[in-house]
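Structural overview
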Amino acid sequence: VISIFTVVNTYDYLFTKELLNKQLRQLAEFEVLSSERTVSDILDNLQNQANLTAALIKQVSPSQKKLESMVKTALQQNEHAYGMSVVVDDKEKNEFYASYFYREGHKISFVNLANTGYNLRSKEWYQQALRLESPSWTEPYFDEGAGDVLMITYLAPFKHKGNFTLV
């Protein structure tokens with residue numbers, strides 16, 4: 001009786017263990033897929049917001065004040081974005097500004113990256129935008145002097161009326 005009981009309990013233990021391991025693997029796969037979808041949706045939303053803002057800017061050609069208002073509003077509407085910037089480099093008019101809005105706690109802060117010691121034109125993300133002239137993601141980088149955080153940036157550059165604009 002003891003040997004039959006031992007064999008049955010061993011079989012039951014091994015069967016239950018295998019069943020639990022299988023269920024845990026499936027649960028982990030579902031969690032990973034769910035997280036992956038969530039991150040993918042957030043990134044898609046960020047891309048769409050930047051592309052829409054860039055298209056609107058290209059269509060409307062607003063003043064610097066209106067550009068800054070548009071960018072700040074876009075940032076306020078997207079809780080997942082840390083910051084958003086618009087850079088205008090118009091060599092014909094000798095006009096260069098880089099309005100950057102970013103989250104600082106619960107408020108939106110502003111810095112003009114063209115007027116600081118940030119040296120925007122030497123930054124890899126800016127060089128990438130000039131090189132590619134098409135929307136793209138950057139590699140992760142520490143943005144010292146602007147956000148002062150580790151970040152990746154979605155770039156939405158375009159040329160319009162002889163100037164280079166980057167959202």
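The structure this text deals with has already been given above.
In what follows, the accompanying structure is described. From a predicted model like this one, the values you see are computed outputs, not experimental measurements. The numbering scheme is per chain: residues are counted from 1 as the chain's sequence reads. Local features in a predicted model are, by the rule used here, given only for residues with pLDDT of at least 70; side-chain atom pairs are given and counted only at 80 or more, and totals for whole chains, interfaces and linings are based on all residues. To get the side-chain values, all heavy atoms of the structure are used, and hydrogens and water are removed first.

Take the overall build of the chain next. For the chain, the count of helices and strands is 3 helices and 9 strands. Reading the chain from its N terminus to its C terminus gives the helix and strand order α-α-β-β-β-α-β-β-β-β-β-β. Taken over the C-alpha trace, the chain has a radius of gyration of 25 Å; the compact-globule value for 167 residues is 15 Å, which it surpasses by more than 25%. When its C-alpha atoms are laid out on the principal axes, the chain stretches across 95 × 30 × 30 Å. The buried share among the 167 residues of the chain stands at 34%. The contact rule is simple, with two residues in contact once any of their heavy atoms fall within 4.5 Å. For the chain, long-range pairs separated by at least 24 residues make up 46% of all intrachain contacts whose partners lie at least 6 apart in sequence. Only the protein chains shown count as covering a residue, and every accessible area follows the Shrake-Rupley method with a 1.4 Å probe. Of the accessible surface of the chain, which amounts to about 11200 Å², a share of 56% is contributed by carbon and sulfur atoms. Where the 17 positive side-chain charges of the chain centre and where its 20 negative ones centre are 6 Å apart. Strands here mean DSSP runs of E at least two residues long; helices mean DSSP runs of H or I at least four residues long; both are numbered from the N terminus. The globule rule used for comparison is 2.2 Å times the number of residues to the exponent 0.38, while the radius of gyration itself is calculated over C-alpha atoms. Throughout, exposure labels follow a simple rule: accessible area from a 1.4 Å probe, protein chains only, divided by the maximum for the residue type, with under 20% read as buried, over 50% as exposed, and the rest as partly exposed. Working convention for charge: Lys and Arg count positive, Asp and Glu count negative, and His plus the chain ends are omitted. Each charge is placed at NZ for Lys, CZ for Arg, CG for Asp and CD for Glu.

On to the packing of helix 1 (residues 2-60) against helix 2 (residues 64-77), then. Each axis is a line fitted through C-alpha atoms, taken for helices only over the stretch in contact, and angles between the N-to-C directions span 0 to 180 degrees. Where helix 1 meets helix 2, the closest approach of the two axes is 11 Å, and the angle between their N-to-C directions is 160°. Judged by the angle between their axes, helix 1 and helix 2 are roughly antiparallel. The handedness of the crossing between helix 1 and helix 2 is right-handed. Contacts from Gln49, Thr53, Leu56 and Ile57 in helix 1 reach Leu67, Met70, Ala74 and Gln77 in helix 2. A breakdown of the residues in the contact of helix 1 with helix 2 according to their chemical character gives 5 nonpolar, 3 polar and no charged. Oblique is the label for any angle not covered by the other classes, which are roughly parallel (under 35 degrees), roughly antiparallel (over 145) and roughly perpendicular (65 to 115). It is the rotation of the near helix from the far one that decides the hand of a crossing: anticlockwise by less than a right angle makes it left-handed, clockwise makes it right-handed. Under the scheme applied, nonpolar residues are Ala, Val, Leu, Ile, Met, Phe, Trp, Tyr, Cys and Pro; charged residues are Asp, Glu, Lys and Arg; polar residues are all the others, including Gly.

Compared with the 20 Å implied by 1.5 Å per residue over 14 residues, the 20 Å span of helix 2 between its first and last C-alpha is a close match. Looking at helix 2, one finds that the buried residues are Leu67, Glu68, Met70, Val71, Ala74 and Leu75. The buried side chains of helix 2 occupy one side of the element, clustering within an arc of 160° when seen end-on. Along helix 2, the residues that are exposed and aim more than 90 degrees away from the buried face are Lys65, Lys66 and Gln77. Those residues of helix 2 that are buried lie in contact with helix 1, strand 1 (83-90), strand 2 (95-104) and strand 3 (107-112). Between the first and last residue of a helix there are one fewer steps than residues, each counted as 1.5 Å, and that sum is the expected span. By construction, the arc corresponds to the directions joining the helix axis to the C-beta atoms.

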